[in-house]
Amino acid sequence: MKLHAFILPILFALIIGLFSSDASDIRTKNVSINTGSVEGVALLAPKNQPVRFGGGFYGRPTSSNSSQASSDSILVVLKGESVHLENSDRFQVLNQKDQEFMPSLLPVTLGEKVRIKNSDPVYHNVFSLTSPNKFDVGRRPKGEHFDVTFDKAGVVDVFCDIHSNMYAIIYVLPEGTVAWTKIKSGDSFSFQNISAGSYELSLFALGYKENTTQINVHDGEAFQTGAITINP
C-alpha cells in the first residue's frame, strides 16, 4: 500500500513531463524553423539642385536639397510570387491640408479605394495623367471627397489642377506583395515570419529612383541587407 502511494505520483510526473517536452519542441520548431526574416536600413542620398522631371508643367518635383525633408518617407516593399492580398471594405485617405497632400506617398493594394478629401478652405482639383490609372475628381470645396479605385499596379503621379506645387504618389502594390512599411531616411526596417524562398525587395521615395534587390530567405535565419542607399 505504501509502495503504491510512492510509485504512482512518480509515474504521473514522468508522463506529464514527457508530453510537456514534446509540446515545447513542437512550438520551438514552428517559430524558429518554418520562417525567416528580412532586416536592413534605408538611406536617401542628398539632392543638390531643385528640378522638375517627367515632362510638362506637372512633372514630378524634386525640390528638396536635403535627405531629411518632411516628405522623405521611404516605402519598403517585399514582393513574392504566389501571394494575393485580399481587399476589404476599408479605404485609404489622401487628404489635402494646408495646400499639401497628406500623405505625400500612399501605398494601396490592388482594387483598393482611395478617398480623396479636401480639408482646405479653398478649392482643389485633384487628378492624375498616369495611365492606366488616370482620374480627375473635379473641383471640390472644403469637406467634399471623391473615391477612386485602383485596379492596376504601379506608381501613380497625383497633382492639383489649381495648385501646381502640390504633388503626391499613390503606389499601387503588385499582387505578389508579401509585406510593406514606410520609414524615414536612416531608419531600419524589419519583416518577420517570412516563408523561405526568393523575393524582390523594392525601396521607393518621392523624387528618387526605385531600388530593387533580389534576396533569398532561409528557414530560421535573418537576411541582413545592410544599409541601402536610394539615389535621385
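Here the structure is shown first, and the text comes after it.
## Some remarks on the overall build of the protein chain
Summing up its helical and strand segments, the protein chain has 1 helix and 18 strands in all. Pairs at least 24 residues apart make up 64% of the contacts formed inside the protein chain by residues separated by at least 6 positions. Counting only carbon and sulfur atoms, one obtains 53% of the accessible surface of the protein chain, whose full area is about 13,200 Å².

## A look at the pairing of strand E9 (residues 124-128)
Burial runs high along E9: 5 of the 5 residues are buried. Burial along E9 is two-sided: His124, Val126 and Ser128 facing one way and Asn125 and Phe127 facing the other are all buried. As paired elements, E9 and strand E10 (residues 135-140) share 4 bridges and run antiparallel to each other. Pairing of Phe127 across the sheet is with Asp136, part of E10. Between E9 and E10, which pair antiparallel and follow one another directly, the connecting turn spans 6 residues. With 2 bridges connecting them, E9 and strand E12 (residues 154-160) associate as antiparallel partners.

## Brief notes about the nonpolar core
Among the nonpolar cores identified, the biggest contains 20 residues, and Ile74, Val76, Leu78, Phe191, Leu201 and Leu203 are the most heavily contacted of them. Those elements giving two or more residues to this core turn out to be strand E1 (35-44), strand E4 (74-79), strand E14 (177-183), strand E15 (188-195), strand E16 (197-204), strand E17 (211-217) and strand E18 (222-230). Excluding residues that lie within four positions of it along the chain, Phe191 makes contacts with Gly36, Ser37, Val38, Val76, Leu78, Ala179, Trp180, Thr181 and Leu201. Core analysis: the second largest hydrophobic core is formed by 18 residues, Val148, Val158, Met166 and Val172 among them.

## Looking at the sheet that holds strand E7 (residues 105-108)
Judged by pairing direction, the sheet is mixed, and its 5 strands sit side by side in the order E7-E13-E12-E9-E10 without closing on themselves. In this open sheet, the two edge strands, each paired with only one partner strand, are E7 and E10. Direction aside, neighbouring strands of the sheet carry axes that sit 20 degrees apart on average.

## What about the environment of Phe191?
Residue placement: Phe191 occurs in strand E15. C-alpha of Phe191 to C-alpha of Ser37: the two residues are 154 residues apart in sequence and 5.5 Å apart in space.

Conventions and cut-offs
Residues numbered from 1 in each chain as written. Predicted model: local features only at pLDDT ≥ 70, side-chain atom pairs only at ≥ 80, totals over all residues. Heavy atoms only, no water. Helix = DSSP H or I, 4+ residues; strand = E, 2+ residues; numbered from the N terminus. Contact = heavy atoms within 4.5 Å. Areas by Shrake-Rupley, 256 points an atom, 1.4 Å probe, with all protein chains shown as cover. Buried < 20%, exposed > 50% of the residue type's maximum accessible area, 1.4 Å probe, protein only. Pairing = 2+ DSSP bridges. Core = buried A, V, L, I, M, F, W, Y, C linked by side-chain atoms within 4.5 Å. Axes fitted to C-alpha atoms, helices over the stretch in contact; angles between N-to-C directions.

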